[in-house]
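These are the residues of each chain, in order.
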Amino acid sequence: MTEQTFVLPDVGEGLTEAEIVQWRVAPGDSVAVNDVIVEIETAKSLVELPSPYSGTVGELLASEGSTVEVGAPIITIGSTDAGTPAPAEPVSVPEPSDPGGAVLVGYGTGGAVSSRRRTLRQAQGPSAERPVKASVGVVAKPPIRKLARDLGVDLSAVTPSGPAGEVTRDDVVKHAEQASVFRNIETPEWGAVREETIAVAAPAAPAPAASAPAPAADAREESIPVRGVRKATANAMTSSAYSAPHVSVWVDVDASRTMELVKRLKASPDFADVKISPLLIMARAVIWALRRTPMINAAWVDTEDGAQISVRHYVNLGIAAATPRGLLVPNIKDAQSMNTRELAKALENLTLTAREGKTSPADQTGGTFTITNIGVFGVDAGTPIINPGEAGIIALGAIRQKPWVVDGEVRPRWVTTVSGSFDHRVVDGDGISRFIADVASVLEEPALLLD
């Protein structure tokens, strides 16, 4: 028997290291080419790695929770074939309508590994995985089950619509009682712990060999290693905050007509299958305002020949998304070319993909401007930090009914606050003020988008 060693590859995003999140196999399991063997987390996304070899799993060389450098061995697979690995041919999957998550480019798509997963989980014990309520007897892929857990959905109560009787992503989302993943995150009770410390490792420090041990029941402090998405976010925010001079502005807006438009679009047959929210009108307003003030869509670039300002005449619109694994800012490419329905669909797909933790690295690069919807938390305004490589970020606050003076009379109106932060190296105060005023004007009168 020939033993093959599989090393951690570069999954196509230029990573230098990744964290082992979950092994899908155990020593002694039989695997075929393209079977998913491990789930890893990079600085940008979760990725499932398929096996390039067929044979019997020998040894797992990296433990779950450990950080491994690219090129380091992670698993050995014993094979009766003495030569190069078998060619990676695509495996037929019974649920073609619902993708099963990211796979390594060049290895094909993974097939079902449910029998091995059950064996591994039985060997690890009941605490190896968070239990899924009423999952027995329900046909659903692992990413769909994870989405159901995040949204608090009981899969046994979901009516499947897949061609093979499986539960699809749309089934879970439609069944969710609340559309926002943030509102489904359980709020813990205040405990005896008065203070918590999150350790930030120095950039040159070696990665820990294993995840931090669980704290004792009576522990007053807990240390959480900083890695993956959290580490990437920390580096990006620190770089932006200490390199770009931020200036923040805000304005209160009567968004009553925006709310009326949202109501009409929801009732329109043309938008029956698309999620409509005030964020859609906000996105259209931002794109319109960026066209009128192009410097907001620019970026400060340091080169060997000196500093330059790069003005982009296209809009890759970033949407800040809080996910269970940390902050992500995927962007919609060429949003300026989309009509309202296309933009609504793109926003919906972006949100669902981020919730599943399957946002691709390509969707998180090349952004030109960002929107953060802090209103979903009930927050009115903020001073957000600019995403690196951009010159501004705008926040949409909560939309509430408030007293508002209309034609000399105080009336109840839907009011929100639009706030933002901008790179003062790139754009001056007049441009910033004009941009914020334009966005506010569209929220007050969406008919301006018809120009």
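Scroll up to find the structure this text is about.
Since the model is a prediction, treat every value here as computed from it, not as a measurement.

(A) Quick look at the nonpolar core. One finds Val 286, Leu 317, Ile 394, Phe 435 and Val 439 to be the most contacted residues of the largest nonpolar core, which totals 44 residues. Counting only elements with at least two residues in this core, the list comes to helix H5 (256–267), helix H6 (278–292), strand S12 (317–319), helix H7 (340–356), strand S16 (369–372), strand S17 (392–396), strand S19 (409–423) and helix H8 (429–444). If you tally residues by element for this core, the top one is H6, at 11 residues. Among residues more than four places away in sequence, those in contact with Ile 394 are Met 282, Val 286, Phe 369, Thr 370, Ile 371, Thr 372, Val 418, Ser 419, Gly 420, Phe 435, Ile 436 and Val 439. Trp 23, Ile 37, Ala 62 and Ile 77 belong to the second-largest nonpolar core, a separate cluster that totals 20 residues.

(B) Highlighting the pattern of salt bridges. Evaluation of the coordinates by the stated rule reveals 12 salt bridges. Between Asp 254 and Arg 413 there is a salt bridge, with its nearest N and O atoms 3.0 Å apart. A residue pair is termed long-range when its members are at least 10 positions apart, and Asp 254 in strand S9 (residues 246–254) and Arg 413 in strand S19 qualify at 159 residues. Judged by relative accessible area, Arg 413 falls into the partly exposed class, the value being 21%. Between Glu 348 and Lys 345 there is a salt bridge; the shortest N-O distance is 3.5 Å. Residue Glu 348 and its partner Lys 345 are located together in helix H7, separated by three residues, close to a single helical turn. The class of Glu 348 is buried, set by a relative accessible area of 16%. Under the relative-accessibility criterion, Lys 345 is labelled partly exposed at 32%.

Reading the values: rules and limits
- Residues numbered from 1 in each chain as written.
- Predicted model: local features only at pLDDT ≥ 70, side-chain atom pairs only at ≥ 80, totals over all residues.
- Heavy atoms only, no water.
- Core = buried A, V, L, I, M, F, W, Y, C linked by side-chain atoms within 4.5 Å.
- Buried < 20%, exposed > 50% of the residue type's maximum accessible area, 1.4 Å probe, protein only.
- Helix = DSSP H or I, 4+ residues; strand = E, 2+ residues; numbered from the N terminus.
- Contact = heavy atoms within 4.5 Å.
- Salt bridge = Lys/Arg side-chain N within 4 Å of Asp/Glu carboxyl O.

Remember, this is a structural readout, not a statement about activity or role.
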